[in-house]
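Coordinate inspection notes
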Amino acid sequence: MAFTCATGKHRRPSRMKRTTARAAGIAALTTTGVIGTVASSPAFAAETPVEQTGLMPVVTIGDSVAERIDDQAAAQKQAAQEEAARKEAAAQAAAKVKKEREARARAAREAERKRLNTFVSPIAGSYVSTGYRSGGSLWSSGSHTGIDFHASSGTPVHAVGLGTVVEAGWGGAYGNQVVIRMNDGTYTQYGHLSSISVSVGQKVTPGQRIALSGATGNVTGPHLHFEARTSPEYGSDIDPVAYLRGHGVSL
């Protein structure tokens, strides 16, 4: 008995073939009126709609996550921009404060510099009662080596400018005296004082009280004797009125 063997392997029909065959079967069943029965059978319902595969929810979730990430990125970017703007505003405010502080400091230094370079009268609101080089027997040199400011005993006496005290004490005919080396290298002398409030080596500023006027030494009454000199020694006197006016003091 002869047998005929089929060559090749048995293969399951492809999805396309199965789908084609199923479509043909459905068409045939439709003409026979069996489609209602077949449609309700499990075999016919085997092709699950794509909406029920779970793919769409996954895609939807992915889009939602992406949107949230985009929103977070946008929020972070905005926060970074706001922080940068805040830092910039703070830096500008700090720079403004620093600039204003430096301007005030410069103004204060300039004001102090002007104050220290300003000369004042040794007796506020007084006047010259005896002029420079006035003659008479009251002075051993035959003439007045300074000027006298009218002042009752106990009137505050001020340094006329910035300087350093080089003498403070008894000065013979000058009575109690103070001699100051001025910042420009000249010297000023204050005589006939009733009391002294500075000491040798002390720095003084314009208008600083250094003593009280009086009538010590060779005098006929209380007043302030004031001299301008080129050295601390007697005999180096220069015109005190011209000296003070040359430094801006009105007499």
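The text that follows walks through the structure, step by step, so that each part is easy to find. Fair warning: this is a prediction, and the values are worked out from it, not measured in the lab.

Our focus in this paragraph is the side chain of His225. Position of His225 among the secondary structure elements: in strand S9 (residues 223–229). For His225, a relative accessible area of 3% corresponds to the buried category. A distance of 3.2 Å separates the side chain of His225 from the side chain of His144, its partner in a polar contact. Separated by 2.8 Å, the side chains of His225 and Glu227 make a polar contact. With residues near it in sequence (within four places) discarded, His225 still touches His144, Thr145, Gly146, Ile147, Asp148, Tyr174, Gln189, Tyr190, Gly191 and His192.

The buried fraction of strand S5 (residues 176–182) amounts to six of the seven residues, a majority that puts the element mostly inside the structure. Sheet topology note: the strand S4 (residues 163–170)/S5 ladder contains seven bridges and is antiparallel. In the strand pairing of S5, Val165 is matched with Ile180. Between S4 and the antiparallel strand that follows it, S5, lie five residues; Gly172 among them carries a positive phi value of about 70°. Two elements, S5 and strand S6 (residues 187–196), share five bridges in a ladder whose sense is antiparallel.

We now examine the side chain of Asn176. Assignment of secondary structure puts Asn176 in strand S5. With relative accessibility at 19%, the residue Asn176 sits in the buried group. Aside from chain neighbours lying at most four places away, what touches Asn176 is Gly169, Trp170, Tyr190, Gly191, His192, Leu193, Ser194, Ile196 and Thr216.

Counting across every chain of the model gives three aromatic pairs. Each ring, one from Phe119 and one from Tyr243, has its centre 6.0 Å from the other, and the planes form 75°; the classification is edge-to-face. Of this pair, Phe119 sits in the loop between helix H3 (55–116) and strand S1 (128–130) while Tyr243 is found in helix H4 (residues 240–246), placing the two residues 124 residues apart along the sequence. Ring centres of Phe149 and Phe226 lie 6.3 Å apart, and the angle between their planes is 75°; this geometry places the pair in the edge-to-face category. Of this pair, Phe149 sits in strand S2 (residues 147–150) while Phe226 sits in strand S9, and the two are 77 residues apart along the sequence. Phe226 carries the same exposure label as Phe149, and that label is buried. An aromatic cluster of at least three residues, connected via ring pairs, comprises Phe149, Tyr190 and Phe226.

Parameters at a glance
- Residues numbered from 1 in each chain as written.
- Predicted model: local features only at pLDDT ≥ 70, side-chain atom pairs only at ≥ 80, totals over all residues.
- Heavy atoms only, no water.
- Helix = DSSP H or I, 4+ residues; strand = E, 2+ residues; numbered from the N terminus.
- Buried < 20%, exposed > 50% of the residue type's maximum accessible area, 1.4 Å probe, protein only.
- Polar contact = N/O pair within 3.5 Å; in protein donor to acceptor, adjacent residues only side chain to side chain.
- Contact = heavy atoms within 4.5 Å.
- Pairing = 2+ DSSP bridges.
- Phe/Tyr/Trp six-rings, centres within 6.5 Å; stacked < 30°, edge-to-face > 60°.

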